[in-house]
Structure formats: structure tokens, C-alpha cells
Amino acid sequence: MLGFMPRIEINLSKIQHNARILCELYRKQGISLMGVSKAVLGEPLIAEAMIRGGVKFIADSRLENIQRMKNSRVSAQFVLLRTASSQAESIVENVDISLNTEIDTLEKLNYYASLQNKIHQIILMVEMGDLREGILPHDLFLFVKQVLCLPHLKIIGLGCNLACYGGIKPDRQKMQQLSALTDAIEQKFDLNLSITSGGNSANYEWYKSTKQVGRINNLRIGESILLGCGTVNRQVIPKLHTNAFKLIAEVIESKVKPSLPFGEIGRDAFGNIPVFQDRGMHQRAIIALGKQDTLISGLSPDRDLEILGSSSDHLVLDSQKSDLKVGVGVNFNLDYGSLLSAMTSPFIKKQFVN
Ligand SMILES: *Cc1c(COP(=O)(O)O)cnc(C)c1O
């Protein structure tokens, strides 16, 4: 079947399989998983596949995605990864647990939780060096003290996020530090913290190399479930599928042409002065897919084709080694950035296969 193009084929049983293998792997040392759905726009069928695979929580950075899943009756504990005070009312209404770092936001959450007669659960994120979200460790005690004055909030644990902005690896030392902070906060305030969430897909290497996870008993995993890899070196995790997603787009031109543009060189559509390699006359193809649809740099064709470049709506290939006829579909594997953008594009149809 040719079908609609461009489309992304999503294999739900492969996603479920990946979630199950990862849940089993991490459970061996007492770690539960939150399945992270933000890269797939909170697609309800994908969240359900993760749940069938064994994740207890579904976590997303966008409230809209969580609302979408709840509207589709996905049943899980929902975790909001990115909290904004302007959304406090809706967060309390829609989300079971949110990750937080700002007292003003927590005051708003507490206010709306009191209006809605709820106790909203929170995880406090600690800054461990990656310099994205987090309370600095030396501010944590005072921070917790302030939060404990907000009666409609319950601190259920601490978390940290590494390898996202600053590229800092989650290693033994960072995980020990987070464990020690959990112990210290519990003792100082006579609390019971049930979750210590040590990170994301980048924690795989640390996990494989450690026999002592300390207090770490949760991870928030997106990419490993979806694409089958860890994220520090993009290493494939044994027994996981790396091809649960496939992007298929149509050949709209296939011709022998020169490899060097001819005429006076100015700038391309994005203001750059392009540079080309002379390959003589060669077979080239154009695919109906462009920067508007996905992040082109993260695509890899599944046959012997080379991506030469792209504009907003056209992808240019060297097809010398793999003859392409106009009208056929070409398959691409996607990395995380391409998956994220392709899932967000209204032009790419999402098709589920099993
Ligand atoms: C996106 C995100 C994750 C998941 O990251 P992956 O690399 O996809 O596993 C975990 N935690 C937070 C706070 C995030 O924003």
C-alpha cells in the first residue's frame, strides 16, 4: 500500500516491547519508570502502549498533551515535567504530580489546590550542574521549609535532570549526591520522600555500571522507550527496537543533473552561502519533505541514498546508488529531534501499525 505521504508509521507493539524490557531492566534495582510522551505530542495510543509495557506514570512537559491524553481516557498517574505559574489552576485540575523549582509557582499551586479542595503532589527538582531547571542544593533546606507552610501541597520526592542543557553526565557522584539530599531532607524535616527521580534516558550508562543505586528509585524515560537507545552516546540498548518509527515521503523528481549549481552564487532560501562538492553528472532525486516538516539533519534513509540538502519543502538526495522512480515512497529513520518535529507537523500523517 502506498498511502498518504508524508506519513510516519508508528509501531505500537515495538514501543510496548521497549517499555516492557526497560521496566524489567530498571526494576531489578528497584527503579520505576515514568514514560515520557512529550516527543510524540502526548499521542494517546503511544502512552497506552507505554502503560501496557509497565510504566506507572506518564510524564509530559506540556499541559495540553496531558489534557489530550486524559480526554482520550488514558489511565495513569500524570506528571507535568515543566511547571508555569500562569497554568497553576489547570495544573492542579489535570495533573497528579508536578516538578517544581519556584516558590511563587508553588504558592499559586497551593492556592488553587485549596480552592479545588485537593492535595497537589510535587517533586522538587535539584540543580546538579546541567543548568536547566533546579533548586541549588544550598538553597534546598530553606526552600523545603517554605513549601511545608503550604498545606495543600505534598512533597513526594526530589528529582534532577542532567544531560539536557549543559551536557553533564549523570554519574555515580551526582546520583550519590541526590540520594544524600533525600536522606538529609527526610531527617531534617521528619518527612517520608517516596520518589527520588534520578534523571532521564541518559541515566542508562550510570545504571549499567552501578550496583548501588542508593535512594534513586525512579527515572523519567522518553527516548529509550521510543527509539531504543541511551542518550549519552546514542548507544543501542540490547533487546530494544530502534525502528518503532518510520518516516515515509514521496519522490517527486528523479533526474540526472550536475552536482554543482550553475550561475552566480548568492544566498540560499535561508540566507546562507552554500558550498557544494563536485561529483560530476549524477542521479538526483527530490523528496516532498522539507524543513517545515521535520529536522532534516536527524533523518537517515534506509537505503543507499545520501541527503544533499533541503529547503522548506524539498529534500534533495544523491540517488546514484539506488534508483528512485517518481511516485515511490522513501523510508527514513528518525533521531529524537526529527521525531519531535515530525510528530508536531500537521503535514505528516500519523499511521499506526502493529
Ligand atoms: C524530556 C524530559 C525527560 C525525558 O528525557 P528523555 O531523554 O527523552 O528520556 C525527563 N525529564 C525531564 C524533566 C524532561 O524534560
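Up top is the structure these notes are about.
Cut-offs and rules
- Residues numbered from 1 in each chain as written.
- Predicted model: local features only at pLDDT ≥ 70, side-chain atom pairs only at ≥ 80, totals over all residues.
- Heavy atoms only, no water.
- Axes fitted to C-alpha atoms, helices over the stretch in contact; angles between N-to-C directions.
- Helix = DSSP H or I, 4+ residues; strand = E, 2+ residues; numbered from the N terminus.
- Parallel < 35°, antiparallel > 145°, perpendicular 65-115°, else oblique.
- Left-handed = near helix turned anticlockwise from the far one by under 90°.
- Contact = heavy atoms within 4.5 Å.
- Nonpolar A, V, L, I, M, F, W, Y, C, P; charged D, E, K, R; others polar.
- Core = buried A, V, L, I, M, F, W, Y, C linked by side-chain atoms within 4.5 Å.
- Buried < 20%, exposed > 50% of the residue type's maximum accessible area, 1.4 Å probe, protein only.
- Domains from an automatic or database assignment.

Colleague: Help me understand the packing of helix α6 (residues 140–147) against helix α7 (residues 172–189), please; the structure alone is not making it clear to me.
Modeller: For any two helices packed against each other, one specifies the crossing angle of their axes together with the interaxial distance. Where α6 meets α7, the axes come as close as 11 Å, and the angle between the chain directions of the two elements is 50°. With respect to α7, the axis of α6 lies oblique. Where α6 crosses over α7, the two elements pack in a sense that is right-handed. Touching Leu 140, Phe 141, Val 144 and Lys 145 of α6 are Leu 181, Ala 184, Ile 185, Lys 188 and Phe 189, all from α7. Taken together, the residues of the contact of α6 with α7 break down into seven nonpolar, no polar and two charged.

Colleague: Help me out: how do you make sense of the environment of Gln 116 in this one?
Modeller: By the element assignment, Gln 116 lies in the loop between α5 (103–115) and β6 (120–125). Taking the C-alpha atoms as reference, Gln 116 lies 9.8 Å from His 152; in sequence the two are 36 residues apart.

Colleague: What should I look at first to understand the nonpolar core in this one?
Modeller: Within soluble globular proteins, side chains that are nonpolar tend to cluster in buried spots. Counting 89 residues, the largest nonpolar core has Ile 8, Ile 46, Leu 106, Phe 245 and Leu 339 as its most contacted members. The greatest single-element share of this core, amounting to eight residues, is contributed by helix α1 (residues 12–27). Summarising the domain contributions, this core has at least three residues from each of domain 1 (31–227) and domain 2 (245–353). Excluding residues within four positions of it along the chain, Ile 46 makes contact with Ile 10, Leu 12, Ile 15, Val 40, Leu 226, Phe 245, Met 343 and Phe 352. The next biggest cluster of nonpolar side chains, apart from the first, holds 12 residues, and it includes Met 34, Phe 57, Ala 59 and Met 125.

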